[in-house]
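# Tertiary structure, described
Next come the chains, spelled out residue by residue.
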Amino acid sequence: MSTLENRQYYLASRPAGAPTPQDVPCRDVPVAEPAEGEVVLRNLYISLDPAIRGWMGDDPNYIEPIAIGDPVRATIIGRVEKSASEDFKPGDVAMVMGGWERYSTVPAAMCTALDESAGVPLSYYLGVLGPTGLTAYFGLLEVGKPQAGETVLVSAAAGAVGSIVGQIAKMQGCRVVGMAGSEEKCAWLRDTLGFDAAINYRSCGDDAAALEGAIREACPDGVDVYFDNVGGNILEAALACLNKFARVAVCGWISTYNMADAPGPSARNLWQLVANSVTIQGFVVIDYMDRFPEGIAQLAEWVMAGKLQFREEVVEGLDNILPTFLKLFDGSNSGKLVISIPE
Ligand SMILES: NC(=O)c1ccc[n+]([C@@H]2O[C@H](COP(=O)([O-])OP(=O)(O)OC[C@H]3O[C@@H](n4cnc5c(N)ncnc54)[C@H](OP(=O)(O)O)[C@@H]3O)[C@@H](O)[C@H]2O)c1
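Residues numbered from 1 in each chain as written. Predicted model: local features only at pLDDT ≥ 70, side-chain atom pairs only at ≥ 80, totals over all residues. Heavy atoms only, no water.

## Points about the nonpolar core
Counted only if it meets this: In plain words, nonpolar cores are sets of buried Ala, Val, Leu, Ile, Met, Phe, Trp, Tyr and Cys residues tied together by side-chain atoms within 4.5 Å. Summary of the burial criterion: residues with accessible area below 20% of their type's maximum are buried, those above 50% are exposed, and those between are partly exposed, where the area comes from a 1.4 Å probe applied to protein chains only. Helix numbers and strand numbers start at the N terminus; a helix is a DSSP run of H or I with at least 4 residues, a strand a run of E with at least 2. Each domain's limits were defined by an automated method or a database of domain assignments. By definition, residues are in contact when any of their heavy atoms lie within 4.5 Å.
Ile-77, Leu-140, Ile-168, Leu-189, Phe-227 and Leu-299 are the most contacted members of the largest nonpolar core, which totals 45 residues. For this core, the secondary-structure elements that each account for two or more residues are strand S5 (93-99), helix H2 (131-144), strand S8 (151-154), helix H3 (160-171), strand S9 (175-180), helix H4 (183-192), strand S11 (223-228) and helix H8 (292-304). Counting residues per element, this core draws most heavily on H2, at six residues. Viewed by domain, this core spans two of them, domain 1 (5-127 + 310-340) and domain 2 (131-286), each represented by three or more residues. Those residues in contact with Ile-168 that sit more than four places away from it in its chain are Ala-136, Tyr-137, Leu-140, Leu-141, Leu-299, Trp-302 and Leu-308. Tyr-9, Val-80, Phe-325 and Leu-337 belong to the second-largest nonpolar core, a separate cluster that totals 31 residues.

Here's what the structure looks like:
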């Protein structure tokens, strides 16, 4: 019997709308002992990603729904507490799909070892040097295929993915326009990240026609690449502004994730895809898993050279996890959102 106690936030019911403490309550249970080939990680950082909301539901998705009664699933970084694997020893640090919990018992084969001696803050491996940075890198370059001189529009532009998309597009020689939900975020995009223009979608009117007017004003030559993080009215407005042979990279539809009846409102003007010979493609970052080393090396080089800037919001304390997660949906997060559980 383990002497370690594990605090877990687990899925008690599938949310209808934003997840509540009744949907995701807390329990204290013994830490599962590692079976052969497993390790017990003492979690240091838990990544809070919009996708987790999708895994709480049971609609068909790119991975299985979280089972009722299981800890909420999330990418975590932890220190090995116990090991029944030759590949890890106590004290090592690893990143893996774990849970909203203090300890995760996981297969060693699924863990990526992280080298603390490199001096990189570990949380960066969840953001700019991890899944969100890679999503921006592969989604923009492989799906959006931006060419120098083209106009790239990105939504949720001040977020973990969007802020990296815009900066990579600038490096490709594009004109870059971001959409974000506050004046502070828009100012950061323009003044710090070097976006050519930023649209505050909350103040320009939120119906598709008002949004379309704001996009046309900010993109006088039309839109060649739309990197869609939000779906809904913003997608509809962006489709109305596309140029001939434009590309739409569908990364996420956060505006719909908390809708009780998915899929919620979606663009009514898909005919624009025909009218302008547009390519629209959804993707998930794991489509590019075999190229992650290349992507991480490039992102790290840009960060070291000062060419990529990013924000992260690290909130301390496992017991803050649900209210912190909800910040993704009201826009009160500043960049990559992470929970820390200090040692
Ligand atoms: N395909 C993949 O592999 C993949 C991987 C990672 C993420 N994603 C997707 O990428 C998107 C961004 O994720 P992230 O991790 O970078 O999160 P993030 O952008 O750091 O945070 C989410 C942001 O979305 C915006 N938002 C929330 N509700 C909105 C709404 N109704 N309308 C417009 N904007 C809204 C908010 O910014 P404002 O203040 O600007 O509203 C919020 O800060 C999500 O859709 C996510 O599912 C996809």
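## As for the domain arrangement of the protein chain
Rule in force here: Buried area: the accessible surface (1.4 Å probe) lost by two parts on joining, summed over both. Within this document, salt bridges are pairs made up of a side-chain nitrogen of Lys or Arg and a carboxyl oxygen of Asp or Glu, the two lying within 4 Å of each other. Amino acid classes used here: Ala, Val, Leu, Ile, Met, Phe, Trp, Tyr, Cys and Pro are nonpolar; Asp, Glu, Lys and Arg are charged; the rest, including Gly, are polar.
Domain boundaries assigned for the protein chain yield domain 1 (5-127 + 310-340) and domain 2 (131-286). For domain 1 and domain 2, the distance between their C-alpha centres works out to 29 Å. Between domain 1 and domain 2, the residue contacts involve 21 residues of the former and 17 residues of the latter. Between domain 1 and domain 2, the buried area comes to about 1,500 Å², and carbon and sulfur atoms account for 56% of it. Counting across the domain 1 and domain 2 interface gives one salt bridge. We note a salt bridge from Arg-311 to Glu-184, for which the minimum N-O separation is 3.0 Å. With three residues, helix H9 (residues 321-330) is the single largest residue contributor to the side of domain 1 that touches domain 2. When grouped by side-chain class, the residues that make up the side of domain 1 that touches domain 2 number ten nonpolar, five polar and six charged.

## Side note on the pairing of S8
Here is the rule: Two strands make a pair as long as DSSP finds a minimum of two bridges between them. The handedness rule is simple: strands pointing away from the viewer, and a clockwise path from the first strand over the helix to the second, make the crossover right-handed.
Across the two faces of S8 the burial is the same, with Thr-151 and Leu-153 and Val-152 and Val-154 all buried. Bridge analysis of S8 against S9 gives four bridges, and the strand direction is parallel. For Val-152, the partnering residue across the bridge sits in S9 and is Val-176. Handedness of the crossover is the feature at issue here: the chain leaves S8, passes through H3, returns alongside S9, and the resulting connection is right-handed. Here S8 runs beside S11; their pairing, made up of three bridges, is parallel. Counted as the bridge partner of Leu-153 is Tyr-226 from S11.

## Considering the packing of aromatic side chains
How we decide: Two rings belonging to Phe, Tyr or Trp (six-membered ring only in the last case) form a pair when the distance between their centres is within 6.5 Å. Interplanar angles under 30 degrees mark stacking, angles over 60 mark edge-to-face geometry, and anything in between is tilted.
This model, assessed by the stated rule, comprises eight aromatic pairs. Taken together, a centroid distance of 5.3 Å and an interplanar angle of 70° make the contact between Trp-100 and Phe-325 edge-to-face. Of the two residues, Trp-100 sits in the loop between S5 and strand S6 (103-107) while Phe-325 sits in helix H9, which places them 225 residues apart along the sequence. Taken as a pair, Trp-100 and Phe-325 share a single burial class, namely buried. Where Tyr-137 meets Trp-302, the ring centres are 6.0 Å apart and the plane angle is 55°; that geometry is what we call tilted. One end of the pair, Tyr-137, is in helix H2; the other, Trp-302, is in helix H8, with 165 residues separating them in the sequence.

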